[in-house]
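# Residue-level structure breakdown
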Amino acid sequence: IGAATTFIVRESKVEQLVSTTLPLGIFHHTDYEAVNKKLYDDDYVVMVTDGVLDHIENETPETVMMEIIKKTKRATPREMARKIMESVITGYHTEIKDDMTVIVFGIWKK
């Protein structure tokens, strides 16, 4: 609900899922939209807080984030999250003004 963009990494492609709802807590009535997306073996899902995207000084931070994700070597989800965060922080030397969190999880057949 009101989440920043979520990214799906499949092979060498990155797709973004954008939420158009406002953040939870803005209104008394909770509005949400559902997005269904099939995930496959070896897909990664990258979720970031708005603070991460706000730190990217660009008119289209989602596009920049997609490029950062594409350039990040596939590794463990923990390592990918760390490298994505490092790229954002070192790529833009502005003051961090909001909390910044990157969550990555992978899908694998058992």
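Residues numbered from 1 in each chain as written. Predicted model: local features only at pLDDT ≥ 70, side-chain atom pairs only at ≥ 80, totals over all residues. Heavy atoms only, no water.

### So, the environment of Val9
Checked against the element boundaries, Val9 lands in strand β1 (residues 6-10). In this structure, the C-alpha to C-alpha distance between Val9 and Tyr44, residues 35 residues apart in sequence, is 5.0 Å. Those residues in contact with Val9 that sit more than four places away from it in its chain are Val14, Asp42, Asp43, Tyr44, Val46, Ile69 and Arg74. (Helix = DSSP H or I, 4+ residues; strand = E, 2+ residues; numbered from the N terminus. Contact = heavy atoms within 4.5 Å.)

### Quick look at a nonpolar patch on the surface
A grouping of Leu39, Met47, Ile103 and Phe105 is seen on the molecular surface, where their side chains present a nonpolar patch of about 310 Å² in accessible area. Mapping Leu39 onto the fold places it in the loop between β2 (13-17) and β3 (44-48). For Leu39, a relative accessible area of 30% translates into the label partly exposed. (Patch = residues over 30% accessible without salt bridge, like charges linked within 9 Å, V, L, I, M, F, W, Y side chains within 5 Å. Areas by Shrake-Rupley, 256 points an atom, 1.4 Å probe, with all protein chains shown as cover. Salt bridge = Lys/Arg side-chain N within 4 Å of Asp/Glu carboxyl O. Buried < 20%, exposed > 50% of the residue type's maximum accessible area, 1.4 Å probe, protein only.)

### Details of the confidence of the model for the chain
Scored by pLDDT, the chain comes out at a mean of 86, with 84% of its residues at no less than 70. Within the chain, no element has a lower average pLDDT than helix α1 (residues 50-55), which sits at 91, and none a higher one than strand β4 (residues 102-106), at 96. (pLDDT = per-residue confidence, 0-100.)

### Considering the packing of aromatic side chains
Within the structure shown, the criterion is met by one aromatic pair. With 5.6 Å between their ring centres and 90° between their planes, Tyr44 and Trp108 make a pair best called edge-to-face. Note that Tyr44 is positioned in strand β3 and Trp108 in the segment after β4, a separation of 64 residues in sequence. Tyr44 gets classed as buried once you look at its relative accessible area, which sits at 5%. (Phe/Tyr/Trp six-rings, centres within 6.5 Å; stacked < 30°, edge-to-face > 60°.)

### Some words on unusual backbone geometry
Among all residues except glycine, the phi angle is most often negative; among peptide bonds, the trans geometry is most common. Although it is not a glycine, Glu11 adopts a positive phi angle of roughly 55°. You can call Glu11 exposed: its relative accessible area is 64%. Although it is not a glycine, Asp42 sits at a positive phi angle of roughly 75°. Given the relative accessible area of 34%, Asp42 is considered partly exposed.

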